[in-house]
Amino acid sequence: SAVISQKPSRDICQRGTSLTIQCQVDSQVTMMFWYRQQPGQSLTLIATANQGSEATYESGFVIDKFPISRPNLTFSTLTVSNMSPEDSSIYLCSALTTGGWGYTFGSGTRLTVV
Amino acid sequence: RKEVEQDPGPFNVPEGATVAFNCTYSNSASQSFFWYRQDCRKEPKLLMSVYSSGNEDGRFTAQLNRASQYISLLIRDSKLSDSATYLCVVNPNFNKFYFGSGTKLNVKP
């Protein structure tokens, strides 16, 4: 299955600033996704990162707050913009593995906004 | 109603015990089902896919009951290293995956 390198692994940021999280996959994958996991909660899908076009956002998430890029089949970024303490969470990227069977996840970015 | 529901637990069991978790899903058209394991402060990792006929991988058995719309995970001979949160994942169509909130398992010596 694909291996995903995600960075940074953690960051502490000031409110009002932005943070860009990067994910690099070691092979070409058709589908990449961004999730958020708040403490003690399950994963919530933020958006599907589409290669060469705008991301598809889930209800409650908007492009101005979470701009996503996916310039090719192995790389994607998620930016958390104009951060507030409510954005403190773990952000995970994932890719659909070959054959469409299940996800592989990056190791996550633990974000704390102060 | 949530797409996927799980008992959050925790399930506290002694080593060597057999433990089972269920997960219910709301979309009867769902085609793919998975169990993921998430260790504390780690990303989820695929444990096993769930096939219509049921499948077994060592001490782990996964089953699907379409009529009642639930999947199950059975762990035999529990090990301390099995302590984790187990996430049920349902795929109602190609690019939508819904995660349950997870069931926490604590295996005690």
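The following refers to the structure shown.

Definitions and cut-offs
- Residues numbered from 1 in each chain as written.
- Chains lettered and ligands numbered in written order.
- Predicted model: local features only at pLDDT ≥ 70, side-chain atom pairs only at ≥ 80, totals over all residues.
- Heavy atoms only, no water.
- Helix = DSSP H or I, 4+ residues; strand = E, 2+ residues; numbered from the N terminus.
- Rg over C-alpha atoms; globule rule 2.2 N^0.38 Å.
- Buried < 20%, exposed > 50% of the residue type's maximum accessible area, 1.4 Å probe, protein only.
- Contact = heavy atoms within 4.5 Å.
- Lys, Arg positive; Asp, Glu negative; His and termini not counted.
- Charge placed at Lys NZ, Arg CZ, Asp CG, Glu CD.

The helix and strand tally for chain A stands at 0 helices and 11 strands. Tracing chain A from N to C terminus, the helices and strands come up as β-β-β-β-β-β-β-β-β-β-β. What you see for chain A is a C-alpha radius of gyration of 13 Å, in line with the 13 Å of a compact globule of 114 residues. Projected onto its principal axes, the C-alpha coordinates of chain A cover approximately 40 × 25 × 20 Å. Counting every position in chain A, which comprises 114 residues, the buried fraction comes to 52%. The long-range share in chain A, meaning contacts at least 24 apart out of those at least 6 apart in sequence, stands at 52%. Charged side chains of chain A number 7 positive and 7 negative; the gap between the two group centres comes to 8 Å.

The linkage connecting Lys7(A) with the following residue, Pro8(A), adopts the cis geometry, with an omega of 0 degrees. The topology assignment puts Pro8(A) in the loop between β1 (4-7) and β2 (10-13). Residues Gly9(B) and Pro10(B) are joined by a peptide bond in cis, for which omega reads 5 degrees. Locating Pro10(B) in the fold gives a position in the loop between β1 (4-6) and β2 (11-14). Here the phi dihedral of Gln69(B) falls at roughly 55 degrees; this positive angle occurs in a residue that is not glycine. With respect to the element layout, Gln69(B) can be found in the loop between β7 (60-65) and β8 (70-75). Taking the relative accessible area as the measure of exposure, Gln69(B) reaches 18% and is therefore buried.

Residue and element names in this part refer to chain B. Mapped onto the elements of the fold, Val-19 is located in strand β3 (residues 19-25). Considered as a pair, Val-19 and Asn-106 are 87 residues apart in the sequence and their alpha carbons are 11 Å apart. The residues contacting Val-19, other than those within four sequence positions of it, are Phe-11, Val-13, Leu-73, Leu-74, Ile-75, Ser-78 and Leu-105.

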